[in-house]
Amino acid sequence: MYAEIQCPDNDTVWLPDAATLCPACGCKTSRDHWNPDFVLKKTRYDLGVTYDGFYIASERFKAVADLLPGRTSFVPLPPRAHYRRQYYLMELLDEVRIDEARAAPKFGPLCGRCGQHRFIVGAIASFSQDMRADTGLVRSDLQFADGKEKFYALLVGAEAAEVLTKARLDGVWLEVVE
């Protein structure tokens, strides 16, 4: 058993302009952009995702994640007057491959300019390597959605899912995958 971490959108966009998007298909050309002007609108969630697929975590989520296996990057966001706590741009660095034959995601047309599929949609429930009970925080190898909205699915094994559930983090819920 493993679970997909779900969280709400935080009503924000990380990428400030079209310079980080492919001009032909609108997909992100890099996830390495730092936005010093980013302002988080919804600060009540311990984990949220921007409309363009970047995860923003609170210090509460970071504290729990630091207890779990898995390589995770937390880059502190600049403080803002309305923030009651510290927030971080979060990237999971370990990934699992989706078994495309079993999951059968649908791939949009390939862009001749950036080489990405314009969209990827479908189930993520099948992976080519087994998710074990002691698997910590990992991400899918594919980014799902369309254009600049593409995002990685966040996944955990049974033991990490139990830790996250007990932490009762705001805006975080788990979708169990058998």
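Small disclaimer: the values here were computed from a predicted structure and weren't measured.

Here is what the cut-offs are and how they apply
Residues numbered from 1 in each chain as written. Predicted model: local features only at pLDDT ≥ 70, side-chain atom pairs only at ≥ 80, totals over all residues. Heavy atoms only, no water. Helix = DSSP H or I, 4+ residues; strand = E, 2+ residues; numbered from the N terminus. Rg over C-alpha atoms; globule rule 2.2 N^0.38 Å. Buried < 20%, exposed > 50% of the residue type's maximum accessible area, 1.4 Å probe, protein only. Contact = heavy atoms within 4.5 Å. Areas by Shrake-Rupley, 256 points an atom, 1.4 Å probe, with all protein chains shown as cover. Salt bridge = Lys/Arg side-chain N within 4 Å of Asp/Glu carboxyl O. Phe/Tyr/Trp six-rings, centres within 6.5 Å; stacked < 30°, edge-to-face > 60°. Lys NZ or Arg CZ within 6 Å of the ring centre and 35° of its normal. Pairing = 2+ DSSP bridges. Axes fitted to C-alpha atoms, helices over the stretch in contact; angles between N-to-C directions.

A. Broad picture of the overall build of the chain. When helices and strands are counted, the chain shows three helices and eleven strands. Along its sequence from the N terminus, the chain presents helices and strands in the succession β-β-β-α-β-β-β-α-β-β-β-β-α-β. Computed over C-alpha atoms, the radius of gyration of the chain comes to 16 Å, within 12% of the 16 Å expected from 2.2 N^0.38 for 178 residues, which places it in the range of a compact globule. Structurally, the chain occupies a C-alpha span of about 45 × 40 × 20 Å along its principal axes. Expressed as a percentage of the 178 residues in the chain, the buried residues total 48%. By sequence separation, contacts in the chain at least 24 residues apart represent 69% of the contacts at least 6 residues apart. When the accessible surface of the chain is totalled, it reaches about 8900 Å², and 51% of it is carbon and sulfur.

B. Expanded view of the pattern of salt bridges. Under the criterion given, the structure shown has 13 salt bridges. A salt bridge links Asp-146 to Arg-118; its shortest N-O distance comes to 3.7 Å. Placement of Asp-146 in strand S9 (residues 138-146) and of Arg-118 in the loop between strand S7 (106-107) and strand S8 (119-121) is noted, with a sequence separation of 28 residues between them. A relative accessible area of 34% means that Arg-118 is categorised as partly exposed. The network of salt bridges with shared partners includes Arg-31, Glu-91, Glu-95 and Arg-139.

C. Expanded view of the packing of aromatic side chains. Applying the stated rule across the entire model yields five aromatic pairs. Here the aromatic rings of Trp-14 and Phe-38 are separated by 4.9 Å at their centres, their planes lie at 50 degrees, and the arrangement is tilted. Remark: Phe-38 occurs in the loop between strand S1 (2-6) and strand S2 (47-49) and Trp-14 occurs in the loop between S1 and S2; sequence separation between them is 24 residues. We classify Phe-38 as buried; its relative accessible area is 3%. On the numbers, 6.1 Å between centres and 35 degrees between planes, the contact of Trp-14 with Phe-54 is tilted. With Trp-14 in the loop between S1 and S2 and Phe-54 in the loop between S2 and strand S3 (55-58), this residue pair connects regions lying 40 residues apart in the sequence. A residue is classified by how much of its surface remains accessible, and Phe-54, at 0% relative accessible area, is buried. Members of the aromatic cluster, joined through ring pairs, are Trp-14, Trp-34, Phe-38 and Phe-54. Above the ring of Phe-54, the side-chain terminus of Arg-31 is found at 4.3 Å from the ring centroid. One cation-aromatic arrangement involves Lys-62 over Tyr-88; the distance from NZ or CZ to the ring centre is 5.8 Å.

D. Fine view of the sheet that holds S3. Judged by pairing direction, the sheet is antiparallel, and its four strands sit side by side in the order S2-S3-S5-S4 without closing on themselves. In this open sheet, the two edge strands, each paired with only one partner strand, are S2 and strand S4 (72-76). For this sheet, the mean inter-axis angle between neighbouring strands, taken without regard to orientation, is 30 degrees. Here five bridges tie S4 to strand S5 (residues 87-92), and the two strands are oriented antiparallel to one another. Bridge assignment links Val-75 to a residue of S5, and that residue is Leu-89.

E. Summary view of the pairing of S1. Within S1, five of the five residues are buried, which leaves it mostly tucked inside the rest of the structure. Burial of S1 is two-sided: the residues Tyr-2, Glu-4 and Gln-6 facing one way and the residues Ala-3 and Ile-5 facing the other way are all buried. Relative to strand S10 (residues 151-157), S1 runs antiparallel, the two sharing four bridges. Across the sheet, Ile-5 pairs through a bridge with Leu-154, a residue of S10. As defined by bridge partners, S1 adjoins strand S11 (residues 173-177) across five bridges and the pair is classed as antiparallel. By the bridge assignment for S11, Glu-4 is matched with Glu-175.

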